[in-house]
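# Close look at the chain arrangement
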Amino acid sequence: MSGDAAAATAEARLHQARDRVAAAFADGGDLAAAVPGFAARASQREMALAVFDAIADRATLVAEAGTGTGKTYAYLVPALLGGGKVLVSTGTKTLQDQVHAKDIATLVRALKLRLVTALLKGRQNYLCLLRLESAGQDERLPTRESALQLRAIQRFARLTTSGDRAELAEVPEAAPIWPLVTSTRENCLGQQCPRFEECFVYRARRAALAADVVVVNHHLFLADLALRDDSVREFLPAADTVILDEAHQLPKIAADFFGSGWSLAQLTDLAQDARAQGLAGAPSGANWVALTQELEAAARDLRLRLAEAGMAPGTRTALPRCAAPASLARGVQRVDDALGALAAAVRAVGGHSAEVDALDPRTAALRGEIGGWIAAIEALQDGADLPGRDDEDGDDARVRWIATTAHGAQFHSTPLAPGAAFARAREQQSQAWILTSATLTVAGSFDPFLSQIGLPQARTASWDSPFDFPRQALLYLPRSLPSPSQADFPERVAAAAWPVIDAAGGRAFVLCSTLRAVERVSARLRQFMQEEDRVLPLLVQRSSTRRALLDEFRRSGRAVLVGSVSFWEGIDVRGDALSVVAIDKLPFAPPDDPVVEARIRRLRRLGRNAFMEYQLPEAVTLLRQGAGRLIRDERDRGVLMILDDRLLGKPYGRAVLASLPPFARTRDEDVARAFFAVAAAA
Ligand code: SF4
């Protein structure tokens, strides 16, 4: 066949495939025939064709699809029909499970495809058989309960085929036993491991490599992209299409993954592993007890120095703001010396035991990170420029900062322009990338997102929600609210929200910007309920797990749930159980946070408007996510309350309002209360 004839055949095949995508979404098409309740929607079909074109052109498409567009099918159908290997990444494990178990399975049946699919999670989700063996003899079993849980895990390990800890519901997700029976990149022996062939982590990865469609989450995807984990590095080049759902989360997650860091917990884990493995694998090679005890003592000493420098638990402090750099320098140096001594002992007994040898790259990686901190602290003491300082204007500018917990501390180095690293990684891949979410624009513009993610040249397209928002929902902006900076703001928020929550008979989410506000708003709401003799279940974040609170909310049908940021996204409560969403204020990131502060400073130095380019778009995206909890399908009705006067009082309020769905609007409490009577009659 001549070159022209081959090109014509390829072109004809492409047209056929495109027609098949369009036909799948038509009335009477494959989806209508096989998916119960499927209704043909023009916006869904248009999005599917735009995705198909991007796949055919190996382009980057950034696609916003309003709630109800059906974007999951709109990206899956062209990807599955396009042939080749598909990698789908989601923001949350919940969506990851749903896309794999429900959406892809349904479409494979509906489109009569023969495809192998796989779900791949991060390694910490799978049991590590080697660590499970040694956990029984471990001095570290934290509690009596841990011993019982360990026995349950041992039983589970004999029965499971996947090793996925999510299948073992009787051991809670946050149980302290899990780190002892799962692996990290640092402590996994990989191919040197005696359990490698039967290892759950590597079995899952081999299955994913062989599959046609793999569903991962953004943490795993970015670990791959940032070359954080050698073992998953093969995935990306092998994929013909990459789909990133919940893409609005990428800039934040990318900052974590393209950053670097170390923690005191890593030091104590290393010390404990080195003691156990040194004594077992090379008992006479070194004084393992003394070496590892010195490392633990150095970690404790450093934590103490941070406390003496005024870093209270739960705070985040930029390195240049550290009050006692000389003390910090001594503490970090002691850790490095202890690691150096341990590294020398490990190397001296090299080749005796795979477990002991595996300690070498671990100590080296930690010393590499810590070396950067020693240099940065020295430069700070000298008043000289910091290496990797946050006052660089280049794409690789970073800020170093310390997060402290009750007993630990993490030392971070975070990029100030994570989009640059994301874009570099994208450039190295030649397949199509589809980034999609319901919330990517601010007042209709993709520019802030494209700039944050470093893809200013990407194709963009958006599809509005098919819902009848002006009829289904009301945006209520109460009159005469105090400024959010006023001391009694949370109580005033509760007072303004309560009449509408009461009129709705509960059925409300109250979304607050901070945990402190959650406490105060919920306390005041409880008072109102007592004073007015209303019996409504009041569910407050931290009183139980997120999942248990949401289950109770759905079950009750008349509850009031008060939560902070983790309740603003990824929650789908359909029907009458959720009819009010009250948002206390525009969720601006705290400007004194070390990363936020450094980013603002950097943009200002570059002569850019940090507020309009960074702070406002981030707040609007989160606000849109919070508001998006209210109307989840065409039968939902409800009131969105935003209790922040800046929406109408500040010049930027217009951009915020233009970013929200076109709900009917009122400032009148009576109208908001009456909405529920009208809704009931309707
Ligand atoms: S290969 Fe790694 S994760 Fe698998 S059993 Fe061995 S140490 Fe554990």
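Analysis parameters
Residues numbered from 1 in each chain as written. Predicted model: local features only at pLDDT ≥ 70, side-chain atom pairs only at ≥ 80, totals over all residues. Heavy atoms only, no water. Axes fitted to C-alpha atoms, helices over the stretch in contact; angles between N-to-C directions. Helix = DSSP H or I, 4+ residues; strand = E, 2+ residues; numbered from the N terminus. Parallel < 35°, antiparallel > 145°, perpendicular 65-115°, else oblique. Left-handed = near helix turned anticlockwise from the far one by under 90°. Contact = heavy atoms within 4.5 Å. Nonpolar A, V, L, I, M, F, W, Y, C, P; charged D, E, K, R; others polar. Buried < 20%, exposed > 50% of the residue type's maximum accessible area, 1.4 Å probe, protein only. Pairing = 2+ DSSP bridges. Near = heavy atom within 4 Å. Core = buried A, V, L, I, M, F, W, Y, C linked by side-chain atoms within 4.5 Å.

Moving on, we get to the packing of helix H13 (residues 264–281) against helix H17 (residues 359–382). Relative orientation of the contacting elements H13 and H17 amounts to 155 degrees, with a least axis distance of 11 Å. In terms of orientation, H13 and H17 fall into the roughly antiparallel class. By crossing handedness, the relation of H13 to H17 is classed as left-handed. In this structure, H13 contributes Gln266, Leu267, Asp269, Leu270, Asp273, Ala274 and Gln277 to the contact, and H17 contributes Leu359, Arg362, Thr363, Leu366 and Ile370. Class assignment of the residues belonging to the contact of H13 with H17 gives a composition of six nonpolar, three polar and three charged.

Judged by how many residues are buried, strand S9 (residues 409–415) sits mostly within the fold: five of seven residues are covered. Where strand S6 (residues 260–263) lies against S9, four bridges are found, and the strand directions are antiparallel. Paired with glycine 261 across the two strands is histidine 412, which belongs to S9. With seven bridges joining them, strand S8 (residues 398–404) and S9 adopt antiparallel strand pairing. Considered in S9, the bridge of tryptophan 401 is made with histidine 412. Where S8 hands over to S9, the hairpin turn is made up of four residues, counted between the paired strands.

Below, the discussion takes up the sheet that holds S6. Within a beta sheet, neighbouring strands are joined by backbone hydrogen bonds and run either parallel or antiparallel to one another. In space, the four strands of this open sheet follow the order S6-S9-S8-S7, with antiparallel pairing throughout. Looking at the sheet topology across the chains shown, the edges are occupied by S6 and strand S7 (316–318). On average, each strand axis in the sheet is tilted by 20 degrees relative to the strand beside it, whichever way the strands run. Strands S7, S8 and S9 of the sheet are contacted by helix H24 (residues 594–605), whose axis makes an angle of about 160 degrees with S8.

As a further point, take the site of the ligand. Close contacts around the ligand come from Arg123, Cys128, Leu129, Leu130, Ser183, Cys188, Leu189, Gly190, Cys193, Cys199, Val201 and Tyr202, and that covers them all. Contributions of two or more residues to the shell around the ligand are made by helix H6 (129–135) and helix H9 (200–210).

This part is about the nonpolar core. Of all hydrophobic cores here, the largest spans 64 residues; its most connected members are Phe221, Leu222, Phe422 and Leu435. Membership of the second largest hydrophobic core comes to 44 residues, among which are Ala59, Tyr75, Ala79 and Leu107.

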